[in-house]
Amino acid sequence: MTELLTKIGFAPVAGKSSGRPAGVIVSSSVTSEAGSFEDVLKLVKNTWDDVPLVVATLLKPDMAIKSLGKDLAEVFPGKRVGFPSESRAPDILLVGLDDLRSPQTERVFQAFFR
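Residues numbered from 1 in each chain as written. Predicted model: local features only at pLDDT ≥ 70, side-chain atom pairs only at ≥ 80, totals over all residues. Heavy atoms only, no water.

K.L.:
Could you give an account of the overall build of the protein chain, naming the residues involved and the relevant values?
P.N.:
Helix and strand content of the protein chain: 5 helices and 4 strands. Taken from the N to the C terminus, the helices and strands of the protein chain come in the order α-β-α-β-α-β-β-α-α. Relative to the 2.2 N^0.38 estimate, which gives 13 Å for 114 residues, the radius of gyration of the protein chain is 13 Å and therefore close to what a compact globule would have. The principal-axis extent of the C-alpha atoms belonging to the protein chain is close to 35 × 30 × 25 Å. Looking at the protein chain as a whole, 36% of its 114 residues qualify as buried. Contacts in the protein chain between residues at least 24 apart in sequence constitute 58% of all its contacts with a sequence separation of at least 6. In the form shown here, the protein chain has an accessible surface area of approximately 6900 Å², with 52% of it arising from carbon and sulfur atoms. Taking the average place of the 14 positive charges on the side chains of the protein chain and the average place of its 14 negative ones, the gap between the two points comes to 4 Å. (Helix = DSSP H or I, 4+ residues; strand = E, 2+ residues; numbered from the N terminus. Rg over C-alpha atoms; globule rule 2.2 N^0.38 Å. Buried < 20%, exposed > 50% of the residue type's maximum accessible area, 1.4 Å probe, protein only. Contact = heavy atoms within 4.5 Å. Areas by Shrake-Rupley, 256 points an atom, 1.4 Å probe, with all protein chains shown as cover. Lys, Arg positive; Asp, Glu negative; His and termini not counted. Charge placed at Lys NZ, Arg CZ, Asp CG, Glu CD.)

Now the structure itself:
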């Protein structure tokens, strides 16, 4: 993820940064000192509700929606969750390992974070 972000002109920062970030990326598979995945989503909503959210996951798209969709819908009701391969831009972007290898994802990230 860092390589892709750097390639398209963003400087990844871990944790809170000063100022408004271009976007927030949350990993669905990493345990955080902030708590569970849902706890981290709530923290993001309370801190940066108006910036684009990307959820990085190791899950395949259908499993990602089944596994993460409930938490995303509870914390961000009414937000549309989608993938880089979809033609319609989502409010919350789910990105898997295969997506990071796709040139389309670069274009989606550039549009999503601007």
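K.L.:
How would you explain the environment of Ser-67 if you had to name every residue and give the values?
P.N.:
Inspection of the secondary structure puts Ser-67 in helix H3 (residues 61-75). Counting along the chain gives 39 residues from Ser-67 to Ser-28, while the straight-line C-alpha distance between them is 9.6 Å.

K.L.:
Before we move on, can you summarise the nonpolar core with the specific residues and values?
P.N.:
Membership of the largest hydrophobic core comes to 18 residues, with the highest contact counts inside it found for Leu-53, Val-55 and Leu-72. Listing elements by their share of this core, those giving two or more residues are strand S1 (24-27), helix H2 (37-48), strand S2 (53-56), H3 and strand S4 (92-95). It is H2 that provides the largest number of residues to this core, a total of 5 residues. With residues up to four places along the chain from it excluded, the contact list for Leu-72 reads Leu-41, Val-55, Pro-77, Val-81, Ile-92 and Leu-94. If you look at the next biggest cluster of nonpolar residues, it comprises 11 residues, including Ile-8, Val-54, Phe-109 and Phe-112. (Core = buried A, V, L, I, M, F, W, Y, C linked by side-chain atoms within 4.5 Å.)

K.L.:
Account for the pattern of salt bridges, naming residues and giving values.
P.N.:
Summed over the entire model, instances satisfying the criterion amount to 7 salt bridges. Between Arg-20 and Asp-50 there is a salt bridge, and its shortest N-O distance comes to 3.5 Å. Here Asp-50 lies in the loop between H2 and S2 and Arg-20 lies in the loop between helix H1 (2-7) and S1, a separation of 30 residues in the sequence. Look at Asp-50 and you get exposed, because its relative accessible area is 57%. Close ionic contact of Arg-80 with Glu-86 constitutes a salt bridge, the shortest N to O distance being 3.4 Å. On the accessibility criterion, Glu-86 (32% relative accessible area) is partly exposed. When salt bridges that share partners are traced, they join Lys-60, Asp-98 and Arg-101 into one network. (Salt bridge = Lys/Arg side-chain N within 4 Å of Asp/Glu carboxyl O.)

K.L.:
Could you give an account of the packing of aromatic side chains, naming the residues involved and the relevant values?
P.N.:
Throughout the structure, instances matching the rule amount to 3 aromatic pairs. Consider the rings of Phe-10 and Phe-113, whose centres lie 5.5 Å apart with planes at 70°: the pair is edge-to-face. Here Phe-10 is found in the loop between H1 and S1, whereas its partner Phe-113 is found in the segment after helix H5 (103-112), with 103 residues between them in sequence. Between Phe-109 and Phe-113, the aromatic rings sit 5.4 Å apart at their centres with planes inclined by 75°, giving edge-to-face as the arrangement. Side by side, Phe-109 and Phe-113 carry an identical accessibility label, which is buried. What links up through ring pairs into an aromatic cluster is the set Phe-10, Phe-109, Phe-112 and Phe-113. (Phe/Tyr/Trp six-rings, centres within 6.5 Å; stacked < 30°, edge-to-face > 60°.)

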